Amino acid sequence: MFELENVYNQKVLLEFPQGITVSIKREDLLHPEVSGNKFRKLKYNIQKAMELGYTQLLTFGGAYSNHIAATAAAGRIMGIKTIGVIRGDELVDKYKDNPTLVKAEQDGMQFKFVSRTAYREKSSVAFLQELEEEFGSVYIVPEGGTNAEAIKGTAEILKEEDQVFDYISVAVGTGGTIAGIINSSGSNQKILGFPALKGDFLSEEINNFAHNSNWELIHDYHFGGYAKYNEQLLFFISSFKEKTGILLDPIYTGKMVYGIFDLINKGYFPPDSKILMIHTGGLQGWNESIKI
């Protein structure tokens, strides 16, 4: 899709007691507008849409969705029209105050705002038929971008050089990124997923796409649920940036990195463990101006 993959595989090595080392894969550096796991998820979806002759791509998301922002930018770059079904009809007259949606509109995305009740039906046949009747023939990408094409893309996150790591850790939203990583991981590796949402429903979704069983979800670091965080997490993110120069977001990757550090301090990892953390991007909706 894009020919701009650059220094995404830079790593920062951190050393801990008992010989434990932590590295970070900079997927956030993949592309200036379509970074991290969104690049991976959209890569083969857009390729397939264009191969099938679609001129429109329709997807779903909330007001600050990284997926909506990335889809709009990718559509502009690749010359395919994008349509975003946005959760919350109250945003119809307010979205001009939302930097994510303003940027998506500037990138050419057309919006359809729906009520939260209607949004829950986004996967139903009837609702999808209504959308096609309104917009015509569209290639549909689910909320968060997770489908078979996305898994094909996220499986490319790990490279041969990453086989040296004992543990691979990643934040989990819809489960598509961790599923791809599981599929391309080695049998000697353990994949740790840190859900950004409360609840145990993600395991079934991951099992729909993952072919291996070498993974575990750690549910102790969601900080209250999706898009929730506190001063403790913000302080950690600030300290991490000061020490490494790397900015984390408080919705996904920040929670995962906090969790890894906390588990190291609690003795979760055996001595001499080599841990690789995946920075999946998601910085477009993160306001660096928040004061701690």
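Conventions we followed
Residues numbered from 1 in each chain as written. Predicted model: local features only at pLDDT ≥ 70, side-chain atom pairs only at ≥ 80, totals over all residues. Heavy atoms only, no water. Phe/Tyr/Trp six-rings, centres within 6.5 Å; stacked < 30°, edge-to-face > 60°. Helix = DSSP H or I, 4+ residues; strand = E, 2+ residues; numbered from the N terminus. Lys NZ or Arg CZ within 6 Å of the ring centre and 35° of its normal. Salt bridge = Lys/Arg side-chain N within 4 Å of Asp/Glu carboxyl O. Buried < 20%, exposed > 50% of the residue type's maximum accessible area, 1.4 Å probe, protein only. Pairing = 2+ DSSP bridges. Contact = heavy atoms within 4.5 Å. Axes fitted to C-alpha atoms, helices over the stretch in contact; angles between N-to-C directions. Core = buried A, V, L, I, M, F, W, Y, C linked by side-chain atoms within 4.5 Å.

**Let's talk about the packing of aromatic side chains**
- Applying the stated criterion to the full structure yields 14 aromatic pairs.
- Measuring from ring centre to ring centre gives 6.0 Å for Phe240 and Phe261, while their planes differ by 70°; the resulting arrangement is edge-to-face. Of this pair, Phe240 sits in helix 9 (residues 231-244) while Phe261 sits in helix 10 (residues 253-265); the two residues are 21 residues apart in sequence, bridging distant segments of the chain.
- An aromatic cluster of three or more residues is present, and its members are Phe16, Phe194, Tyr221, Phe223, Phe236, Phe240, Tyr258 and Phe261.
- Across from the ring centre of Tyr119, 5.3 Å away, lies the NZ or CZ of Arg87, which sits over that ring.
- Over the ring of Tyr44 we find Lys152; its NZ or CZ atom is 4.4 Å from the centre of that ring.

**What about the pattern of salt bridges?**
- According to the stated counting rule, one finds 16 salt bridges in the structure shown.
- The salt bridge involving Asp107 is made with Lys103; its shortest N-O contact spans 2.7 Å.
- Overall, Asp107 belongs to the buried group, its relative accessible area being 9%.
- With relative accessibility at 35%, the residue Lys103 sits in the partly exposed group.
- Among the salt bridges present, the one from Glu216 reaches Lys190, with a minimum N-O distance of 3.2 Å. One end of the pair, Glu216, is in strand 9 (residues 215-217); the other, Lys190, is in strand 8 (residues 190-195), and 26 residues separate them in sequence.

**Topic: the environment of Val141**
- Its place among the elements puts Val141 in the loop between strand 6 (139-140) and helix 6 (148-154).
- Residue Val141 is classed as buried on the basis of its relative accessible area, which comes to 0%.
- Separated by 84 residues in the primary sequence, Val141 and Leu57 place their C-alpha atoms 7.2 Å from one another.

**Description of the pairing of strand 2 (residues 21-26)**
- Among the 6 residues in strand 2, 6 count as buried, and that is most of the element.
- As defined by bridge partners, strand 1 (residues 14-15) adjoins strand 2 across 2 bridges and the pair is classed as antiparallel. Each bridged residue has a counterpart across the sheet, and for Glu15 the counterpart in strand 2 is Thr21.
- Counted along the chain from strand 1 to the antiparallel partner strand 2, the turn is 5 residues long, and its residue Gln18 has a positive phi close to 65°.
- When strand 2 meets strand 10 (residues 274-279), the two strands line up parallel, connected through 6 bridges. Pairing of Ile24 across the sheet is with Met277, part of strand 10.

**Considering the sheet that holds strand 1**
- The 6 strands are arranged 1-2-10-7-8-9 in an open sheet whose pairing can be described as mixed. If you trace the sheet from one side to the other, it starts and ends with strand 1 and strand 9, each paired once.
- The strands touched by helix 10 are strand 1, strand 2, strand 7 (167-172), strand 8 and strand 10; relative to strand 10, the strand with the most contacts, the crossing angle is about 165°.

**Quick look at the nonpolar core**
- Among the nonpolar cores identified, the biggest contains 30 residues, and Ile260 and Phe269 are the most heavily contacted of them.
- Examining the composition of this core, we find that 7 residues originate from one element, helix 10, more than from any other.
- Residues within four places of Ile260 in sequence aside, it is in contact with Ser169, Leu192, Phe194, Phe269, Ile275 and Met277.
- Judged by nonpolar contacts, the second largest core, of 20 residues, contains Ile157, Ile168, Val172 and Leu202.

**Here's the deal with the side chain of Thr280**
- Inspection of the secondary structure puts Thr280 in the segment after strand 10.
- With relative accessibility at 6%, the residue Thr280 sits in the buried group.
- Residues in contact with Thr280, not counting those within four places in the same chain, are Glu27, Ser35, Gly36, Asn37, Val170, Thr177 and Thr253.

Everything listed here is a matter of coordinates, which is why it stays silent on function.
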